[in-house]
Amino acid sequence: MDMKVDVLLGLQWGDEGKGKVVDVLTPGYDVVARFQGGPNAGHTLAFNGEKYILRSIPSGIFQGEKINIIGNGVVLDPLLFKEESEGLARSGHDISRRLYISKKAHLILPAHRVLDAAYEAAKGHGRIGTTGKGIGPAYTDKVGRNGLRVGDLFHDFDGKYAEIKGRHETILRGLNCECDIAEQEAAWLDALEYLKKFQIIDSEHCINRLLAEGKSILAEGAQGTMLDVDFGSYPFVTSSNTVCAGCCTGLGIAPRRIGEVYGIFKAYCTRVGSGPFPTELTDAAGRMLCERGNEFGSVTGRRRRCGWIDLVALKYAVMINGVTQLIMMKSDVLDPFETIRACVAYRMEGGRETTDFPFDISATEVTPVYVELPGWQTDMSGVKSESEFPVAFGAYIAFLEAELGVPVRIVSVGSDREQTIVRYAE
């Protein structure tokens, strides 16, 4: 059997609810693998009255004996990984036997956080709004061929680390940034010893062997398409490829191995940090979306900016990723609205309208063109099946499917695992 890797990724600016969906889909898979990103992306899962936030560990960790893999495309902070893993162990989830870590995943070093803050401060008004977790500098070192990988723990680690540390100290002096990281470094080195307790593997060989054995694999992305370093709202993006193609390089699988591509989006739109956001609402409607959706970062606690759904950006994300099935999250957040707006085009400078996502979406370049749809004004949090959907909500889904050209297979009407409705059962 020619097994495929199904991919699950966000189609907006991140925070779409990928963690919950991975948790819901996992029963149908043998393996869940994370293919990019760092611990700035918090995937929130809620079930059995408990809430869990995962930053680096794949979201399939709560499902029985599933194998979970941190792929080579991820950057891993040993300190935060240790904290996350120990927290799960305290809650009764021992992950040591079921979690594999790629030797080729790059490490976030103690100085990377300091560099992150220094680079951001140097940008002044043009700052990106990073989480300050050191992820950008870690990817910079990776691309600049100066990084340290998990596998280096077993290959002249001390020498390699000393060389990189010296380089970082030189850069920081050039930025007039003097700081003592000795205490953080000691904790980081201790966390490296903890990391060695896990199964550190040649993940590309492992994943392809599992496919050859007929195992089913779900690949989990972090952040969202509009934060992709190539196709997102550059430079206000993350430092990795969040799109489907990133799964191939982030796990070591061939393009022909990609199967279904699940694209997740909210029924509205959010963005955290700086950068252009054409449909952003700064009025009462925006505040209502934020409050009803509890739109605060699961890792940083930062308030997310909220707005109406942007179908120009969403169509672009569907195209770039080759999405085969859509998953709509937080539909219930729109329950009280009498009228719902959807952006279907951008009006550019000079009055020209376009449905193609442009090179620049800054506020001076783009004005959203909206259509209005009737709201359903019904509490959907208790809905258990599609037959219970309000008529106006069914019409909203049909409108989105017609605009995007892809079926909406799953609809979420709340944060709990049980508040998930599968429409097109396989």
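Throughout what follows, the structure given in this document is the object of discussion. (Residues numbered from 1 in each chain as written. Predicted model: local features only at pLDDT ≥ 70, side-chain atom pairs only at ≥ 80, totals over all residues. Heavy atoms only, no water.)

## Regarding the overall build of the chain
And then number 1: Counting its secondary structure elements, the chain contains 11 helices and 20 strands.
And then number 2: For 426 residues, the compact-globule estimate of 2.2 N^0.38 gives 22 Å, and the C-alpha radius of gyration of the chain, at 21 Å, lies within 12% of that figure.
And then number 3: Summarising its shape, the C-alpha atoms of the chain cover approximately 65 × 50 × 40 Å along the three principal directions.
And then number 4: Burial statistics for the chain: of 426 residues in total, 58% are counted as buried.
And then number 5: A separation threshold of at least 6 residues defines the contact pool for the chain, and within that pool the share at least 24 residues apart is 76%.
And then number 6: Per element, the accessible surface of the chain, about 17500 Å² overall, is 50% carbon and sulfur.
And then number 7: Averaging the locations of the 47 positively and 56 negatively charged side chains of the chain gives two centres separated by 3 Å. (Helix = DSSP H or I, 4+ residues; strand = E, 2+ residues; numbered from the N terminus. Rg over C-alpha atoms; globule rule 2.2 N^0.38 Å. Buried < 20%, exposed > 50% of the residue type's maximum accessible area, 1.4 Å probe, protein only. Contact = heavy atoms within 4.5 Å. Areas by Shrake-Rupley, 256 points an atom, 1.4 Å probe, with all protein chains shown as cover. Lys, Arg positive; Asp, Glu negative; His and termini not counted. Charge placed at Lys NZ, Arg CZ, Asp CG, Glu CD.)

## Description of the pattern of salt bridges
And then number 1: If you walk through the whole model with that rule in mind, you get 22 salt bridges.
And then number 2: Residue Glu86 is joined to Lys82 by a salt bridge in which the shortest nitrogen-to-oxygen separation is 3.2 Å. Of this pair, Glu86 and Lys82 both sit in helix 2 (residues 78-90), four residues apart, which is roughly one turn of that helix.
And then number 3: The shortest N-O distance in the salt bridge between Glu193 and Lys196 comes to 3.1 Å.
And then number 4: Since its relative accessible area comes to 46%, Glu193 is described here as partly exposed. (Salt bridge = Lys/Arg side-chain N within 4 Å of Asp/Glu carboxyl O.)

## A few points about the nonpolar core
And then number 1: The biggest cluster of nonpolar side chains holds 65 residues, and the ones touching the most others in it are Ile69, Cys247, Leu311, Leu326, Met328, Leu334 and Tyr396.
And then number 2: The greatest single-element share of this core, amounting to seven residues, is contributed by helix 11 (residues 391-404).
And then number 3: Once residues lying within four places of it in the same chain are set aside, the contact partners of Leu326 are Leu11, Gly263, Phe265, Val318, Leu404, Val406, Pro407, Val408, Arg409 and Ile410.
And then number 4: Counting residues in hydrophobic clusters, the runner-up holds 27 residues, among them Val150, Tyr161, Leu192 and Tyr194. (Core = buried A, V, L, I, M, F, W, Y, C linked by side-chain atoms within 4.5 Å.)

## Structural notes on the packing of helix 5 (residues 157-174) against helix 6 (residues 182-195)
And then number 1: Closest axis-to-axis distance for the helix 5/helix 6 pair is 14 Å, and the angle between their directions is 150°. Regarding helix 5 and helix 6, the two cross each other, and that crossing is right-handed. Here Phe157, Tyr161 and Lys165 of helix 5 come into contact with helix 6, specifically with Glu185, Trp188, Leu189 and Leu192.
And then number 2: Looking at the contact of helix 5 with helix 6, its residues break down into five nonpolar, no polar and two charged. (Axes fitted to C-alpha atoms, helices over the stretch in contact; angles between N-to-C directions. Left-handed = near helix turned anticlockwise from the far one by under 90°. Nonpolar A, V, L, I, M, F, W, Y, C, P; charged D, E, K, R; others polar.)

## Things to note about the side chain of Ser203
And then number 1: Inspection of the secondary structure puts Ser203 in helix 7 (residues 203-212).
And then number 2: Ser203 sits in the buried class, given a relative accessible area of 0%.

## Notes on the side chain of Ser216
And then number 1: Summarising the element assignment, Ser216 is placed in the loop between helix 7 and strand 10 (217-220).
And then number 2: You can call Ser216 buried: its relative accessible area is 14%.
And then number 3: Setting aside chain neighbours within four positions, we find Ser216 in contact with Met3, Gly28, Tyr29, Asp30 and Val31.

Geometric descriptors of this kind do not, in isolation, establish any biological role.
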